[in-house]
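Chain by chain, the residues:
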Amino acid sequence: MRSDDALYALDAATRAIAGELDLDKVLELMVDSLRDLVGARYAALGIVDDAGRIERFITSGISPEQRARIGDPPRGHGLLGTIIREGVTLRIPDIAKHPDTYGFPPNHPPMHSFLGVPVLVSGEPIGNFYLTEKVGATEFDEKDEELVEMFAVHAGIAIQNARLHQQVQRLAVVDERLRISRDLHDGIIQSLYSVGLTLEDVPELMTENPDEAVGRVDRAIDRLHMTIADIRTFITRLALPPDTTLSTAIAETVAQTVRDASLGVELDLGGVDALDGRLSPEAANEVLQIVKEAMSNVVRHSRATQAGVTLAVEGDAIVLSIADDGRGFDPATSAVAGHFGLANLRKRADAVGASLDVRSSPGAGTTIELRLPLGETEEVRR
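Residues numbered from 1 in each chain as written. Predicted model: local features only at pLDDT ≥ 70, side-chain atom pairs only at ≥ 80, totals over all residues. Heavy atoms only, no water.

### Re the overall build of the protein
Along the backbone of the protein there are eleven helices and ten strands. Burial statistics for the protein: of 382 residues in total, 40% are counted as buried. Put simply, 65% of the contacts in the protein that link residues at least 6 apart link residues at least 24 apart. (Helix = DSSP H or I, 4+ residues; strand = E, 2+ residues; numbered from the N terminus. Buried < 20%, exposed > 50% of the residue type's maximum accessible area, 1.4 Å probe, protein only. Contact = heavy atoms within 4.5 Å.)

Structure representation (structure tokens):
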């Protein structure tokens, strides 16, 4: 009967731990669960580093005030060090009588019975469970030892899962920072750059052509308001406003980006707005940002006199083409350090499962083609 109860309690404890991914909470939950499971007055989990030193020590049964009075956590001497070095279970009736005892620091509560079990992951030690003062008995027995060893197996898996989750979260933060840098470069910075271009000649125009100067300032103010709206969209991770079609958004983006009267731009954006939900808001936003980045590159670097933006549906894909008759470049040449350019375009395409083809050569203009597979319609999904 005792064995059935113990196994039931073990199952309940390991299920609770498996449902938690925060590493700190996992460790605390393990120690508390194990102390209740075995009936020990005190329990601890020591996490060891690659050199076998205890780097974290989580306790249960000792108040924070007691921990503070005891002082620094153990370093891994005595019995704790024996378990760390040898990776074996130790079950001892009286700590004081064991030859490896190192002694307790001042203000440490008295402890006699002891059970120490290593925690392994893929055969490598990552920590040890320590239990002392068996409640209702003078020492821990074989069933306690078996139960803790079973718990240690589950604990090792839970710790590894929590660590992996922690690593994934860190990678997600890095990925999000890269996304933010791309969005700032491709969207907001480009918009502010274009406003700056508009205002560059205003001081001279104030004396030569005051009406044009006023017009440029007014347009700059309008574009700044649009940029503020872009920032709000960027912060809230929204794509297009609900009342704005992709074609309209692209046409507005091109108009905002292109201000040089010597650059003619031809738009062909028909037939892409009635997609019945087959283009996700995230994908539409990436298409828009690709247009903004590519057209900004045309304005700033290509020295083109003519450019074209085409958006069409071909079969089960949406195809975006941006072409210019500028000076061109060698796509195989590495980007200048600090300029995201083509790398950003490719990352945006990859993010939505699209392919990006860049065709260019010195003196022969540039064509950028994005091919984005469309999802199923709502009717098909039903």
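Let us keep going from here.
### Re the environment of Pro109
The residue Pro109 is located in the loop between β3 (90-92) and β4 (114-121) in this model. The spatial distance from the C-alpha of Pro109 to the C-alpha of Tyr42 is 9.7 Å, given a sequence separation of 67 residues. Not counting residues within four places of it along the chain, the set of residues in contact with Pro109 comprises Tyr42, Ile62 and Ile70.

### Brief notes about the packing of aromatic side chains
Across all of its chains, the model carries three aromatic pairs by this definition. Look at Phe114 and Tyr130: their rings are 6.4 Å apart centre to centre, the planes differ by 25°, and that puts the pair in the stacked class. Of this pair, Phe114 sits in strand β4 while Tyr130 sits in strand β5 (residues 124-134), and the two are 16 residues apart along the sequence. For the pair Phe114 and Tyr130, one class covers both residues: buried. (Phe/Tyr/Trp six-rings, centres within 6.5 Å; stacked < 30°, edge-to-face > 60°.)

### A short note on a nonpolar patch on the surface
There is a patch of nonpolar side chains on the surface, built from Leu199, Val217 and Ile221 and spanning about 200 Å² of accessible area. Tracing the backbone through its elements, the reader meets Val217 in helix α7 (residues 210-236). For Val217, a relative accessible area of 32% gives the class partly exposed. (Patch = residues over 30% accessible without salt bridge, like charges linked within 9 Å, V, L, I, M, F, W, Y side chains within 5 Å. Areas by Shrake-Rupley, 256 points an atom, 1.4 Å probe, with all protein chains shown as cover. Salt bridge = Lys/Arg side-chain N within 4 Å of Asp/Glu carboxyl O.)

### A word on helix α8 (residues 246-257)
The terminal C-alpha atoms of α8 lie 16 Å apart, and with twelve residues this matches the ideal 16 Å at 1.5 Å per residue to within 8%. Residues of α8 that are buried include every one of Leu246, Ser247, Ala249, Ile250, Thr253, Val254, Gln256 and Thr257, and no others. (Expected span 1.5 Å × (residues − 1).)

### Focus on the sheet that holds β4
Pairing in this open sheet of five strands is antiparallel, and the strands run β2-β1-β5-β4-β3 from one edge to the other. The outermost strands of the open sheet, each flanked by one partner alone, are β2 (54-60) and β3. Sheet twist, expressed as the mean angle between neighbouring strand axes with direction ignored, is 15°. Sheet topology note: the β4/β5 ladder contains eight bridges and is antiparallel. Residue pairing for β5: Gly116 is matched across the bridge by Tyr130. (Pairing = 2+ DSSP bridges. Axes fitted to C-alpha atoms, helices over the stretch in contact; angles between N-to-C directions.)

### Overview of the pairing of strand β9 (residues 355-360)
Side chains of β9 alternate between two faces, with Leu356, Val358 and Ser360 buried and Ser355, Asp357 and Arg359 left unburied. Summarising the sheet, β9 and strand β10 (residues 366-373) pair through six bridges and their orientation is antiparallel. Among the inter-strand pairings, Ser355 is bridged to a residue of β10, identified as Arg371. Linking two consecutive strands that pair antiparallel, namely β9 and β10, is a turn of five residues; a positive phi of about 85° is found at Gly363 within it.

### Looking at the sheet that holds strand β7 (residues 306-314)
A sheet is described by the order of its strands in space; here five strands give the open sequence β6-β7-β8-β10-β9, paired in mixed fashion. Looking at strand neighbours, the two that pair on one side only are β6 (264-268) and β9, the edges of this open sheet. For this sheet, the mean angle separating the axes of adjacent strands, direction not counted, is 10°. The pairing of β6 with β7 spans five bridges and is parallel.

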